[in-house]
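# Summary of the model geometry
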Amino acid sequence: MHRGKAFRVSVTISVTALILLILGLAPPPGHAQVKPGDFITPENATKVKDLVAPGVYYKVERGMTMKIVPSERIDWPPQYQRDYQADKRGRGDCFPGRLRMSFAVREYLLD
């Protein structure tokens, strides 16, 4: 009995040590590398490598700059909100055929 308990304790310690080692070797999360106010240039482009699309990273490496700004909520224009609500209710309000744009979008684009 005593031997089985010692084995379980040994396995538990080994598994715990392995998990801690794996967590310690994991790279830090990408969002911690940039913060609002940072200015990304080709010299520090690696900060955003895992945060942007490959094409954007390519452009930054070749001279494009990025100013990091804080995130904020952006509301849709009222016409789009109205159309979205109509769509959710199942009314659709769409033109048939190739003009499959809602009245709200058409009104927004033509005014």
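Structure first, text after, so check above.
Below is a short write-up of the structure. (Residues numbered from 1 in each chain as written. Predicted model: local features only at pLDDT ≥ 70, side-chain atom pairs only at ≥ 80, totals over all residues. Heavy atoms only, no water.)

This paragraph deals with the overall build of the protein. On a plain count of helices and strands, the protein comes out with four helices and two strands. Secondary structure of the protein in N-to-C order comes out as α-β-α-β-α-α. Taking all 111 residues of the protein together, the buried fraction comes to 15%. Within the protein, contacts between residues separated by at least 24 positions form 36% of all contacts whose residues are at least 6 apart in sequence. Split by element, the accessible area of the protein, about 9,600 Å² in all, is 61% carbon and sulfur. (Helix = DSSP H or I, 4+ residues; strand = E, 2+ residues; numbered from the N terminus. Buried < 20%, exposed > 50% of the residue type's maximum accessible area, 1.4 Å probe, protein only. Contact = heavy atoms within 4.5 Å. Areas by Shrake-Rupley, 256 points an atom, 1.4 Å probe, with all protein chains shown as cover.)

Among the nonpolar cores identified, the biggest contains seven residues, and these are Val34, Ile40, Ala45, Val48, Tyr57, Val60 and Ile68. Excluding its chain neighbours within four sequence positions, the residues that come into contact with Val60 are Ile40, Thr41, Pro42, Ala45 and Met66. (Core = buried A, V, L, I, M, F, W, Y, C linked by side-chain atoms within 4.5 Å.)

What follows concerns the pattern of salt bridges. For side chains bearing opposite charge, pairing can occur when the charged atoms are close. Tallied over the full model, the rule gives two salt bridges. Ionic pairing is found between Arg62 and Glu61, a salt bridge with its closest N-O pair at 3.3 Å. Look at Arg62 and you get exposed, because its relative accessible area is 53%. One salt bridge connects Arg73 with Asp75, and the closest N-O pair in it is separated by 3.0 Å. By relative accessible area, Arg73 is classed as exposed at 73%. (Salt bridge = Lys/Arg side-chain N within 4 Å of Asp/Glu carboxyl O.)

Turning to the environment of Val34, a few remarks are in order. With respect to the secondary-structure elements, Val34 resides in the loop between helix 1 (2-25) and strand 1 (39-40). According to the relative accessible area criterion, Val34 is buried, its value standing at 15%. In this structure the C-alpha to C-alpha distance between Val34 and Val48, which are 14 residues apart in sequence, comes to 7.4 Å.

For the rest of this paragraph, the subject is the environment of Thr41. Mapping Thr41 onto the fold places it in the loop between strand 1 and helix 2 (54-61). Since its relative accessible area comes to 18%, Thr41 is described here as buried. As for Thr41 and Lys67, which are separated by 26 residues in sequence, their C-alpha atoms are 9.0 Å apart. Not counting chain neighbours up to four residues away, the residues in contact with Thr41 comprise Val60 and Thr65. Looking at Thr41, its side chain comes within polar contact range of the side chain of Glu43, at 3.0 Å. (Polar contact = N/O pair within 3.5 Å; in protein donor to acceptor, adjacent residues only side chain to side chain.)

Let us look at the environment of Thr16. Within the secondary structure, Thr16 is located in helix 1. In this structure the side chain of Thr16 is engaged in a polar contact, spanning 2.8 Å, whose partner is the backbone oxygen of Thr12.

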